[in-house]
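Fold and contact review
What follows is the residue order along each chain.
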Amino acid sequence: TPSPVSLPTSNLSPPISQSPTSQDTAWQKVLEAAKKEGKVSIYSYNWVGDIELAVKKAFENKYGINLDIITGRGAEFVERLKTERRLNQMTGDMAEGSPAEANNMKEGGLLTPVAAELPALRQKDVWWFHPTYLDQVDKAILIYTQQMNTPAINTNLVKPGEEPQSWKDLLDPKWKGKMSLREPKLNAVLIVSFVALLDKNVLDENHIKALHKQELKYVVNSIEEIRMLSRGEFYISALGSGNGLARFATEGAPIRAVTMKEGELVSTRSVAAIANAPHPNATKVLLDWLFSPEGQSVAGKALSSLTVRKDVSDFQPQAVQTKMANPIMLTQEYNEEGTKRYLDRWYDKLVGR
């Protein structure tokens with residue numbers, strides 16, 4: 001299994017401003033208050049089905065705190081949280097999904113930083129990159145897994161040696177009407193990915209216009225896209241999906257990721273505490289557990305994903321692994337620029353939809 005992408009780690013650990021004794025005492029009070037709250041509610045994009053059951057069972061067995069997971073798309077949760085805040089009736093405690101959607105929430109004043117209070121995040125030398133890597137100033141958005149995003153193929157339909165080897169190969173006329181793309185109106189992370197590819201001069205705007213003219217099938221979410229790819233409804237998923245790809249590949253679907261010579265996108269999944277939430281202490285306990293070796297193992301295995309801790313195994317099947325020769329990290333700068341373009345419907349304006 002390839003090692004996770006190794007990124008600079010200097011000066012990424014938050015400073016310890018309290019003595020160990022005061023920290024332990026403060027955390028014990030958080031634990032006691034969390035058990036009194038007895039519940040934590042999560043707005044999640046990825047924790048569905050078996051993933052939801054695995055995380056819920058492990059956390060509830062450890063702490064006796066009920067875990068309520070409400071699934072949906074990040075854009076929906078942003079609007080839902082704005083409504084909850086306007087009515088002063090907050091329901092959600094934590095958000096899980098893409099850093100791009102989390103950044104959208106942060107810009108709307110919907111998140112609160114808690115990283116400095118979590119004992120797990122004060123550990124040193126255990127991270128491939130610190131969970132605050134993408135949000136080092138505010139530390140409100142925390143990264144808990146990583147994955148490679150690159151085009152994926154149906155191996156029953158694309159013969160060996162004919163798969164695309166460059167992002168520009170997706171423009172080959174032979175793939176016209178045979179590719180999918182996640183719906184840009186609903187997926188901020190898709191726009192973030194395009195921003196990164198543009199910045200690295202892998203693609204330019206004319207390439208994106210030409211890609212749209214390939215008669216793409218626009219699919220609402222990544223799980224449905226990979227399910228359709230597995231069934232042979234199209235040959236190629238133009239941007240792939242580490243989460244869905246790993247899940248269906250593990251179940252034996254005829255799909256695999258392909259290596260792009262210009263580089264593959266390194267995307268991440270994030271979690272964040274919601275501001276003015278009804279169960280703030282239970283939220284901190286859940287977040288701390290998620291970054292512990294146990295939480296990383298449970299989430300990594302359930303998601304078939306690369307973890308962010310060095311002392312925890314990786315759980316990606318062979319079909320998802322790529323050479324990772326030129327990883328392109330989706331940084332906070334890309335997230336911010338991508339969020340702006342997403343809200344402005346940049347893709348639709350560019351291609352004339």
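Residues numbered from 1 in each chain as written. Predicted model: local features only at pLDDT ≥ 70, side-chain atom pairs only at ≥ 80, totals over all residues. Heavy atoms only, no water.

A few words now on the overall build of the chain. Assigned secondary structure in the chain consists of twelve helices and 13 strands. Since a compact globule built from 353 residues should have a radius of gyration of about 20 Å, the 20 Å found for the chain is in line with a globular shape. For the chain, the C-alpha atoms occupy an extent of roughly 65 × 45 × 35 Å along the three principal directions. Looking at the chain as a whole, 57% of its 353 residues are labelled buried. (Helix = DSSP H or I, 4+ residues; strand = E, 2+ residues; numbered from the N terminus. Rg over C-alpha atoms; globule rule 2.2 N^0.38 Å. Buried < 20%, exposed > 50% of the residue type's maximum accessible area, 1.4 Å probe, protein only.)

This prediction gives the chain a mean pLDDT of 88; 90% of its residues lie at or above 70. Here helix α8 (residues 242–250) stands out as the element of the chain with the lowest mean pLDDT, 74, in contrast to helix α9 (residues 280–290), whose mean of 98 is the highest. When the criterion is pLDDT under 50, residues 1–20 qualifies, and its contacts beyond four places in sequence or with other chains add up to 42 contacts. (pLDDT = per-residue confidence, 0-100. Contact = heavy atoms within 4.5 Å.)

Before going further, it helps to examine the pattern of salt bridges. Summed over all chains, the structure comprises 20 salt bridges. Connected via shared salt-bridge partners are Glu183, Lys185, Asp348 and Arg353. (Salt bridge = Lys/Arg side-chain N within 4 Å of Asp/Glu carboxyl O.)

Helix length check: helix α3 (residues 74–87) (14 residues) gives 20 Å between terminal C-alpha atoms against 20 Å at 1.5 Å per residue, within 8%. Three or more residues of α3 are buried, namely Gly74, Ala75, Phe77, Val78, Leu81 and Glu84. Downstream of α3 by a residue or two, asparagine 88 has a phi angle that is positive, lying close to 55°. (Expected span 1.5 Å × (residues − 1).)

Moving on, we get to the packing of aromatic side chains. Two aromatic rings are characterised by how far apart their centres lie and by the angle between their planes. Scanning all chains against the criterion turns up ten aromatic pairs. Centroid distance tryptophan 47 to tyrosine 144: 6.1 Å. Interplanar angle 85°. Geometry classified as edge-to-face. You can see tryptophan 47 sitting in the loop between β1 (39–44) and α2 (49–63) and its partner tyrosine 144 sitting in strand β5 (residues 142–149), a full 97 residues away along the chain. For tryptophan 47, a relative accessible area of 0% puts it in the buried group. Put simply, the rings of Phe194, Tyr218, Trp346 and Tyr347 touch in pairs and so form one group of aromatic residues. The positively charged end of arginine 309 is found above the aromatic ring belonging to tryptophan 127, 5.1 Å away from the centroid. Seen from the ring of tryptophan 128, lysine 310 lies directly overhead, with NZ or CZ sitting 5.8 Å from the centre. (Phe/Tyr/Trp six-rings, centres within 6.5 Å; stacked < 30°, edge-to-face > 60°. Lys NZ or Arg CZ within 6 Å of the ring centre and 35° of its normal.)

We now examine the pairing of strand β7 (residues 179–182). A two-sided burial pattern is seen for β7, the buried positions comprising Met179 and Leu181 on one face and Ser180 and Arg182 on the other. Examined bridge by bridge, β7 and strand β8 (residues 217–219) share three bridges and lie parallel to one another. Note on β8: the bridge partner recorded for leucine 181 is tyrosine 218. (Pairing = 2+ DSSP bridges.)

Now for the packing of helix α5 (residues 188–199) against helix α11 (residues 332–343). In contact at an axis separation of 8 Å, α5 and α11 are set at 120° when each is read in the N-to-C sense. In terms of orientation, α5 and α11 fall into the oblique class. α11 is crossed by α5, and the crossing has right-handed handedness. Along the contact surface, α5 presents Ala188, Ile191, Val192, Val195, Ala196, Leu198 and Asp199, while α11 presents Tyr334, Asn335, Glu337, Gly338, Thr339, Arg341 and Tyr342. Grouping the constituent residues of the contact of α5 with α11 by class yields eight nonpolar, three polar and three charged. (Axes fitted to C-alpha atoms, helices over the stretch in contact; angles between N-to-C directions. Parallel < 35°, antiparallel > 145°, perpendicular 65-115°, else oblique. Left-handed = near helix turned anticlockwise from the far one by under 90°. Nonpolar A, V, L, I, M, F, W, Y, C, P; charged D, E, K, R; others polar.)

Once that is clear, we can look at α9. Among the eleven residues in α9, ten count as buried, and that is most of the element. Here α9 has its buried residues at Asn281, Ala282, Thr283, Lys284, Val285, Leu286, Leu287, Asp288, Trp289 and Leu290.

Let's shift gears to the nonpolar core. Grouped burial of nonpolar side chains is what soluble globular proteins tend to show. Ranked by internal contacts, the top residues of the largest apolar core, which has 46 residues, are Trp47, Phe59, Val285 and Trp289. Secondary structure elements with two or more residues in this core: α1 (20–37), β1, α2, β2 (66–71), β5, β11 (265–274), α9 and α10 (293–303). The next biggest cluster of nonpolar side chains, apart from the first, holds 38 residues, and it includes Met179, Ile191, Leu330 and Trp346. (Core = buried A, V, L, I, M, F, W, Y, C linked by side-chain atoms within 4.5 Å.)

Turning to the side chain of threonine 145, a few remarks are in order. With respect to the helices and strands, the residue threonine 145 is situated in strand β5. Of the residues examined, threonine 145 reaches a relative accessible area of 1% and is grouped as buried. Within the structure, threonine 145 has its side chain in polar contact with the side chain of arginine 269 (distance 2.8 Å). With near-sequence residues (within four places) excluded, threonine 145 lies in contact with Thr268, Arg269, Leu303, Ser305, Leu306 and Val308. (Polar contact = N/O pair within 3.5 Å; in protein donor to acceptor, adjacent residues only side chain to side chain.)

This part is about the sheet that holds strand β10 (residues 255–257). Judged by pairing direction, the sheet is mixed, and its five strands sit side by side in the order β8-β7-β9-β6-β10 without closing on themselves. Of all the strands in the sheet, just β8 and β10 have a single pairing partner and so form its edges. As paired strands, strand β6 (residues 152–154) and β10 are joined by three bridges and run antiparallel to one another. Residue pairing in the sheet places asparagine 154 in a bridge with isoleucine 255 of β10. Sitting on the sheet, helix α7 (residues 222–231) touches β6, β7, β8, β9 (236–237) and β10, and the angle it makes with β6 is about 35°.

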